[in-house]
Amino acid sequence: MTAIHLENLVKRFGAFTALKTMDLEIRDGEFMALLGPSGCGKSTTMNMIAGMEQPSGGRITFDGRDMNGVAMGRRGVGFVFQNYAIFTHMNVYDNLAYGLKVRGTSASETDRRVKAMADFLQLTPMLDKPSAKLSVNILQRLAIGRSAIVEPAIFLLDEPLSNVDAAFRAVMRTELKHLQRQFRQTMVYVTHDQLEAMTMADRIAVMDHGVLQQVGTPLEVYNDPVNLFVADFIGSPGMNLLKGTLADSDRGLVIDLGALGVTAPLDPALSAVARTNGVREVVYGFRPERVVLATAGQGLAMPVTFIERIGARTVVHFGDGEQRVKAVFDNDIAVQTGETVHVAVEPRFARMFDAATGVAIREV
Ligand code: ATP
């Protein structure tokens, strides 16, 4: 229950800058995901919040209190890593009880909280089991319980689910969200998995190469990515990104999609911004979920190259080379590999980026 503020935060390792002037406000009780590819600076940022690393510049405050020089043990943070940190010589009960015991919590209160946490994390049948004999899935669940039981005001989790299997990961996504709702902690969650960030976080901070790219709710970063990096990184399959050139037509400004031999209409508001900015070379972006089948003569005529049927959804791949399009349909879509079909996107769902800078061209 603490607001965290990163102000002009910088981290250098020798000549290498791992984090470049990051400004981020994590609200009291918020679930914030730090999301980005390997090496983008997520763990470095997290380690500075925890007090394991010292910033090279800028500062971190908790509820306005400067954390500079405050040791990790005095920050009121709980930390769970990718590699579960538990005492293998203790059983499950003693592992859960450990943090409470060292804080001098009474035996009866410790017992009550251990049992409640075990119940919450479905560890009750294993309370007297030696930890050394537990599966990786259960160990990580125990590691989360061990940190959460002392109810830290700030809970930091660094890729806690990357070593557990896929089915268990899906279960834990829901449980972690419940845990945070129950205790109202401020949670910072490091992940390279956009699905984890999208399903759990209140807001996502997307990072790349030590630079914060965008902060927003899952829907904000999904619907309105600020640049090509975010557009491509968020969503599975990611946003369709087609190269094009702005051109005048009797329908107003349109995007000439070059090799595809067609033009795409532009939302009038977006046309106005593009004209003002004097942009010509653009990238036309649209989500695979926004693609609809059109009648002949409308939209893009594209050959179906590959069909992936994944349960409730079917992903259809169109075209080849650079101008490829992916579309997500219900599983009853009737298209065949090799046939050419027409696909379209409503202009209001299309996004446009400056090809030179990668920055989104948006209404102001
Ligand atoms: P990953 O998930 O792979 O850990 P990440 O986004 O968490 O990715 P960081 O661990 O924060 O990335 O690392 C950011 C960059 O800083 C990387 O290029 C890494 O090699 C470098 N780095 C991290 N710690 C150190 C260190 N102690 N000394 C030198 N370079 C470091």
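**Remarks on the pattern of salt bridges**
This model, assessed by the stated rule, comprises 14 salt bridges. The residue Arg-112 makes a salt bridge to Glu-109 at a minimum N-O spacing of 3.0 Å. One end of the pair, Arg-112, and the other, Glu-109, are both in helix 3 (residues 107-120), 3 residues apart, so they sit about a helical turn from each other. Looking at Arg-112, the relative accessible area reads 48%, which means it is partly exposed. The partly exposed category is assigned to Glu-109, whose relative accessible area is 25%. We note a salt bridge from Arg-351 to Asp-224, for which the minimum N-O separation is 2.9 Å. One end of the pair, Arg-351, is in strand 20 (residues 351-354); the other, Asp-224, is in the loop between helix 7 (218-223) and helix 8 (228-233), and 127 residues separate them in sequence.

**A look at the site of the ligand**
Close to the ligand lie Phe-13, Phe-16, Ala-18, Pro-37, Ser-38, Gly-39, Cys-40, Gly-41, Lys-42, Ser-43, Thr-44 and Glu-159, which account for all nearby residues. Measuring from an oxygen atom of the ligand, one finds a backbone N or O atom of Cys-40 at 3.0 Å. One nitrogen or oxygen atom from the side chain of Lys-42 is found 3.0 Å from an oxygen atom belonging to the ligand. Calculation on the ligand without its partners gives an accessible area of 630 Å², and the protein chains cover 58% of this total. Of all the secondary-structure elements, those providing two or more residues to the shell around the ligand are strand 2 (16-26) and helix 1 (42-50). Looking at which element gives the most residues to the shell around the ligand, the answer is helix 1, with 3 residues. Residues belonging to the shell around the ligand are distributed by class as follows: 5 nonpolar, 5 polar and 2 charged.

**A closer look at the packing of aromatic side chains**
Remark: the centre distance and the inter-plane angle together describe each pair of aromatic rings, the angle taken between the planes. The full count for this structure, using the stated rule, is 4 aromatic pairs. Ring centres 4.8 Å apart and planes at 70° place the aromatic pair Phe-87 and Tyr-98 in the edge-to-face group. Separated by 11 residues along the polypeptide, Phe-87 in the loop between strand 6 (77-80) and helix 2 (92-102) and Tyr-98 in helix 2 bring together distant segments of the chain. With relative accessibility at 34%, the residue Tyr-98 sits in the partly exposed group. Taken together, a centroid distance of 5.4 Å and an interplanar angle of 15° make the contact between Phe-229 and Phe-233 stacked. Placement of both Phe-229 and Phe-233 in helix 8 is noted, with a separation of 4 residues, approximately one turn of the helix. Above the ring of Phe-87, the side-chain terminus of Arg-146 is found at 4.7 Å from the ring centroid. The positively charged end of Arg-290 is found above the aromatic ring belonging to Phe-349, 3.7 Å away from the centroid.

So, how was this worked out
- Residues numbered from 1 in each chain as written.
- Predicted model: local features only at pLDDT ≥ 70, side-chain atom pairs only at ≥ 80, totals over all residues.
- Heavy atoms only, no water.
- Salt bridge = Lys/Arg side-chain N within 4 Å of Asp/Glu carboxyl O.
- Helix = DSSP H or I, 4+ residues; strand = E, 2+ residues; numbered from the N terminus.
- Buried < 20%, exposed > 50% of the residue type's maximum accessible area, 1.4 Å probe, protein only.
- Near = heavy atom within 4 Å.
- Polar contact = N/O pair within 3.5 Å; in protein donor to acceptor, adjacent residues only side chain to side chain.
- Areas by Shrake-Rupley, 256 points an atom, 1.4 Å probe, with all protein chains shown as cover.
- Nonpolar A, V, L, I, M, F, W, Y, C, P; charged D, E, K, R; others polar.
- Phe/Tyr/Trp six-rings, centres within 6.5 Å; stacked < 30°, edge-to-face > 60°.
- Lys NZ or Arg CZ within 6 Å of the ring centre and 35° of its normal.

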